[in-house]
Amino acid sequence: MIALFRSLFAPPRHLILMLAALWLGLSLAERRAQKHGVSVEALNNMVLYSVLGYVIGGRLMFALVNLSAFTASPLSVFSINPDLFDPTGALFTSILVGFVYGQRQKLALWSTLDALTPLFATLAIGLSLSHLAAGTAFGSPTDLPWGIDLWNATRHPSQIYELAASLLIFALIWSRKVESPSGFMFLLFTALTAGSRLFLEAFRGDSTLIFGGIRLGQVLAWLILVLALFASESVRRASTPD
């Protein structure tokens, strides 16, 4: 079954999963936008501009890092090759574009993030499916009976662990009442996602190691988890009458 799935969505077709998640997540976010005090039109525009920022920013950042290669062939900046892309630069540009748009439209930060949380949770599901299809974010070798054959070894199905965690987080987020204090929904999603990453990173076979063996993903997950918990406590206190 997994082999069939991977053959159907082998790169670059795995990007279809992310596009489907984007469409579904935006549809779900639209259903709750007004309950958070955010107009559907503003939400759609923010997502559209952020996606454009992601695509354009990722290519331009890659071109800047590899300036000598693009100087020799300037038109290659318009290539459809998905490998000519900087995901970190793309994410930074996307967040910056969304933030600037929200400021110009005077959108409340926490309410807007709450409205976008179903989209974020759905994209997390799409990302795990994309990882499974492309064979990325692969697991470490294992002798467990549910290991999968990948990259010449029997490995933890880390992408499936990731998918299960993302589905559970989505279910918890979607089942919560919208009446929570502004920002709480987004911070809950952030804390749950960071907590799951902290646990699941231990099964990854492609982790970046620092300081002689510490997993960078777990360090970042700890940091994000702590910040999310502190922020959620601040949001809770701010919403509680004296």
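Draft legend 1. Region of the structure containing the overall build of the chain. Along the backbone of the chain there are nine helices and four strands. Going residue by residue from the N terminus, the α and β elements of the chain occur as α-α-α-α-α-α-β-β-α-α-β-β-α. Over its C-alpha atoms the chain spans a radius of gyration of 19 Å, differing by no more than 12% from the 18 Å that the globule rule assigns to 242 residues. The principal-axis extent of the C-alpha atoms belonging to the chain is close to 60 × 50 × 40 Å. Burial analysis of the chain (242 residues in total) assigns 40% to the buried set. For the chain, contacts bridging at least 24 residues in sequence account for 65% of all contacts bridging at least 6.

Draft legend 2. How the structure looks around the pattern of salt bridges. With the rule as written, the count across this model stands at four salt bridges. For the salt bridge of Glu 233 with Arg 237, the shortest nitrogen-to-oxygen distance reads 3.1 Å. Pair noted here: Glu 233 and Arg 237 are both in helix 9 (residues 216-239), with a separation of four residues, about one helical turn. Each member of the salt-bridge network shares a partner with another, and the members are Glu 233, Arg 236 and Arg 237.

Draft legend 3. Summary view of helix 6 (residues 109-134). For helix 6, built from 26 residues, the straight-helix expectation of 38 Å at 1.5 Å per residue is met to within 8% by its first-to-last C-alpha distance of 35 Å. Within helix 6, the axis deviates most sharply at Leu 116, by approximately 40°, and proline Pro 118 lies no more than four positions further along. Of all 26 residues making up helix 6, 19 are buried, and the element is well covered by its neighbours. Count one or two residues on from helix 6 and you reach Gly 135, which has phi positive near 80°.

Draft legend 4. Spatial organisation of the environment of Leu 225. Tracing the backbone through its elements, the reader meets Leu 225 in helix 9. Through-space distance from the C-alpha of Leu 225 to that of Asn 44 is 28 Å; in sequence the pair is 181 residues apart. In contact with Leu 225, not counting residues within four places along its chain, are Ala 191, Ala 194 and Gly 195.

Draft legend 5. Layout of the environment of Glu 201. If you trace the backbone, Glu 201 turns up in the loop between helix 8 (184-200) and strand 3 (209-210). Sequence separation between Glu 201 and Phe 99 is 102 residues; the distance between their C-alpha atoms is 29 Å. If we skip the residues at most four places from it in the chain, Glu 201 touches Ser 207, Arg 215, Gly 217 and Gln 218.

Draft legend 6. Representation of the side chain of Arg 32 within the structure. Here Arg 32 shows up in helix 2 (residues 15-33). Judged by its relative accessible area of 14%, Arg 32 falls in the buried class. For Arg 32, the contacting residues outside a window of four places in its chain are Ile 173, Trp 174, Arg 176 and Val 178.

Draft legend 7. Region of interest: the packing of aromatic side chains. Within the structure shown, the criterion is met by eight aromatic pairs. Aromatic side chains Phe 199 and Phe 203 sit 5.5 Å apart centroid to centroid with 70° between the ring planes, which places their arrangement in the edge-to-face category. Phe 199 sits in the exposed class, given a relative accessible area of 54%. Residue Phe 203 is classed as partly exposed on the basis of its relative accessible area of 23%. Each member of the aromatic cluster is reached from another via a ring pair, and the members are Phe 120, Phe 186 and Phe 189. Positioned over the ring face of Trp 151 is Arg 6, at 6.0 Å from the centre of the ring.

Draft legend 8. Highlighting the packing of helix 6 against helix 8. Two elements in contact, helix 6 and helix 8, have axes separated by 7 Å at closest approach and are oriented at 40°. When the axes of helix 6 and helix 8 are compared, the pair comes out oblique. Helix 6 and helix 8 meet at a crossing whose hand is left-handed. Judged by residue contacts, Trp 110, Leu 113, Asp 114, Thr 117, Phe 120 and Ala 121 of helix 6 engage Phe 184, Met 185, Phe 186, Leu 187 and Phe 189 from helix 8. The residue makeup of the contact of helix 6 with helix 8, split by class, is nine nonpolar, one polar and one charged.

Parameters and conventions
Residues numbered from 1 in each chain as written. Predicted model: local features only at pLDDT ≥ 70, side-chain atom pairs only at ≥ 80, totals over all residues. Heavy atoms only, no water. Helix = DSSP H or I, 4+ residues; strand = E, 2+ residues; numbered from the N terminus. Rg over C-alpha atoms; globule rule 2.2 N^0.38 Å. Buried < 20%, exposed > 50% of the residue type's maximum accessible area, 1.4 Å probe, protein only. Contact = heavy atoms within 4.5 Å. Salt bridge = Lys/Arg side-chain N within 4 Å of Asp/Glu carboxyl O. Expected span 1.5 Å × (residues − 1). Bend = angle between axes of the 7 residues up to and from the residue. Phe/Tyr/Trp six-rings, centres within 6.5 Å; stacked < 30°, edge-to-face > 60°. Lys NZ or Arg CZ within 6 Å of the ring centre and 35° of its normal. Axes fitted to C-alpha atoms, helices over the stretch in contact; angles between N-to-C directions. Parallel < 35°, antiparallel > 145°, perpendicular 65-115°, else oblique. Left-handed = near helix turned anticlockwise from the far one by under 90°. Nonpolar A, V, L, I, M, F, W, Y, C, P; charged D, E, K, R; others polar.

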